[in-house]
Amino acid sequence: MSAAIDVAAEVRAAEARARPYLLTTPAVPSLALAAAVGSPVVLKCENLQHTGSFKTRGAVSKVLSLTPDELGRGVITASTGNHGAAVAYAGSIVGVAPIVVVPDNANPSKLAAIERLGGRIEVHGSDSVESELGARRAADDRGLTFVSPYNDAAVIGGQGTLGLELLAQVDDLSAVYVAVGGGGLASGVAGILKSMAPAARIIGCSPANSAVMYHSLRAREILDLPSEPTLSDGTAGGVEPSAITFDILNELLDDFVTVAEDDIRAAFLELIEVEHLLAEGSAAMAYAAAKRHARAVDGTTAVILCGGNVGVEKLRQILA
């Protein structure tokens, strides 16, 4: 699809190598959103994936693509939490305990999950770009193999396996709302859907408090912008200057919306009270985007609930 990467081919390759280690997560009807939108809506429940996040797809795809030499040198990655847990899970498949570099504001419950899965935590920087740059420097200095959270073809391909599942689960898929941070999930899903169901519209969603990719696409270049605190912590932070996701999303996204913090909080509560689902802030953000922006379509709209890793303290904060 993109000149730099054949996303659909990467997705199919990832599906072949990663499928035994992934769950096919359910796509459940949302009566509440369907009533608000005026046509059928399903929730793609990646909060039920191994490690509680879509990130497992990309991490497993990438780690299983590494050579014995690359694995033997040791694996390092950078993460705000979910990707780190996913790489730790992927490492357990091949017998490797990865180092996970995190920013100093990472979600404590996500850090605990990384350690439970065998990952080793190192702290660097205050957002995802700083921690990623630190991890890349450490990889160069110590001869380790770096696994990018999103800026890698095999990772993007792995995230796109979610799109293959959606196509098998929804016969008349018309629109998909997907959270965007660095853009790996949106790139993979858009790449395979535009290859197999080109009429389906892909709508990216970011919190207004941290919408670096949104503003970068509007400016036609990757920007270095500050981020404010957001409940959608899984999408927070900057975008790597060389991110291959930028060109993919520039080509394939049909729309991109931002979401206010009040709407994210309301969606989080609605997911619990109405949908009976526990999802993290980035998933609530996509749900909120669909509730505010989606319109009736001839077919079904899908909202990707990208993760469910929310700790007790975060729950107390939101419920207070």
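Details of the structure are given in the entry above.
In this text the structure is predicted, and so the values were computed from the model without any measurement.

## Structural notes on the packing of helix α1 (residues 7-18) against helix α3 (residues 55-65)
Axis separation between α1 and α3 bottoms out at 9 Å; the angle between their running directions is 80°. Classed by the angle they form, the pair α1 and α3 counts as roughly perpendicular. Contacts between α1 and α3 involve A14, R17 and A18 from the first element and V60, S61, L64 and S65 from the second.

## A closer look at the pattern of salt bridges
The tally for this structure, following the rule as stated, stands at 14 salt bridges. Residues E165 and K44 are paired through a salt bridge, measuring 2.6 Å at the closest nitrogen-oxygen approach. Placement of E165 in helix α8 (residues 153-169) and of K44 in strand β2 (residues 41-45) is noted, with a sequence separation of 121 residues between them. Note on accessibility: E165 and K44 belong to one class, buried. Here D69 makes a salt bridge to R73, at a shortest N to O gap of 3.3 Å. Bridged by salt links that share partners, the residues E15, R19, K44, E46, R57 and E165 form one connected network.

## Some remarks on the packing of aromatic side chains
Tallying each qualifying case throughout the model produces 1 aromatic pair. Here the aromatic rings of Y214 and F256 are separated by 5.3 Å at their centres, their planes lie at 75°, and the arrangement is edge-to-face. With a gap of 42 residues between them, Y214 in helix α10 (residues 212-219) and F256 in strand β9 (residues 255-259) connect regions that are remote in the sequence. Each member of the pair Y214 and F256 is classed as buried.

## Section: the sheet that holds strand β7 (residues 173-179)
Strand order in the open sheet made by the 6 strands is β1-β2-β10-β7-β8-β9, with mixed pairing throughout. Every interior strand has two partners, whereas the edge strands, β1 (27-29) and β9, have only one. Sheet twist, expressed as the average angle between the axes of neighbouring strands with direction ignored, equals 25°. Bridge analysis of β2 against strand β10 (residues 300-305) gives 5 bridges, and the strand direction is parallel. Pairing of V41 across the sheet is with T301, part of β10. The sheet strands contacting helix α12 (residues 261-273) are β2, β8 (201-207), β9 and β10, and the helix crosses β9 at an angle near 90°.

## A look at the layout of surface pockets
Here the largest pocket is characterised by a volume of approximately 540 Å³. Contributing to the lining of the largest pocket are 26 residues, with N105, T230, D233, A236 and K314 lying nearest its centre. Residue assignment for the lining of the largest pocket shows that the elements contributing at least two residues are α6 (108-116) and α14 (312-319). Residue contributions to the lining of the largest pocket peak at 4 residues, all from α14. Here the lining of the largest pocket is built from residues that sort into 9 nonpolar, 11 polar and 6 charged. Looking at the second largest pocket, its volume works out to about 160 Å³. Taken together, Y214, L217, R218, L249, N250, L253, D254, D255 and F256 make up the lining of the second largest pocket. Elements represented by at least two residues in the lining of the second largest pocket include exactly α10, α11 (245-252) and β9. Broken down by element, the residue count for the lining of the second largest pocket peaks at 3 residues, all from α10. Classifying every residue of the lining of the second largest pocket by side-chain character gives 5 nonpolar, 1 polar and 3 charged.

## Topic: the environment of G134
Mapped onto the secondary structure, G134 falls in helix α7 (residues 128-142). Since its relative accessible area comes to 12%, G134 is described here as buried. Sequence separation of G134 and A78 is 56 residues, and the distance between their C-alpha atoms is 8.2 Å.

## Quick notes on the side chain of T161
With respect to the element layout, T161 can be found in helix α8. Of the polar contacts made by the side chain of T161, one reaches the side chain of R57; its length is 2.9 Å. Polar contacts involving the side chain of T161 include one to the main-chain carbonyl oxygen of G158, which spans 2.6 Å. Leaving out residues up to four positions away in the same chain, T161 has contacts with V11, A14, E15, R19, L22 and R57.

About the criteria used
Residues numbered from 1 in each chain as written. Predicted model: local features only at pLDDT ≥ 70, side-chain atom pairs only at ≥ 80, totals over all residues. Heavy atoms only, no water. Axes fitted to C-alpha atoms, helices over the stretch in contact; angles between N-to-C directions. Helix = DSSP H or I, 4+ residues; strand = E, 2+ residues; numbered from the N terminus. Parallel < 35°, antiparallel > 145°, perpendicular 65-115°, else oblique. Contact = heavy atoms within 4.5 Å. Salt bridge = Lys/Arg side-chain N within 4 Å of Asp/Glu carboxyl O. Buried < 20%, exposed > 50% of the residue type's maximum accessible area, 1.4 Å probe, protein only. Phe/Tyr/Trp six-rings, centres within 6.5 Å; stacked < 30°, edge-to-face > 60°. Pairing = 2+ DSSP bridges. 1 Å grid on protein atoms, 1.4 Å probe; cavity = no way out; pocket = protein on both sides within 12 Å on 5 of 7 lines; lining within 4 Å. Points joined across faces, edges and corners; volume = space filled by probe spheres on them. Nonpolar A, V, L, I, M, F, W, Y, C, P; charged D, E, K, R; others polar. Polar contact = N/O pair within 3.5 Å; in protein donor to acceptor, adjacent residues only side chain to side chain.

Limitation: the analysis is restricted to geometry and does not speak to function.
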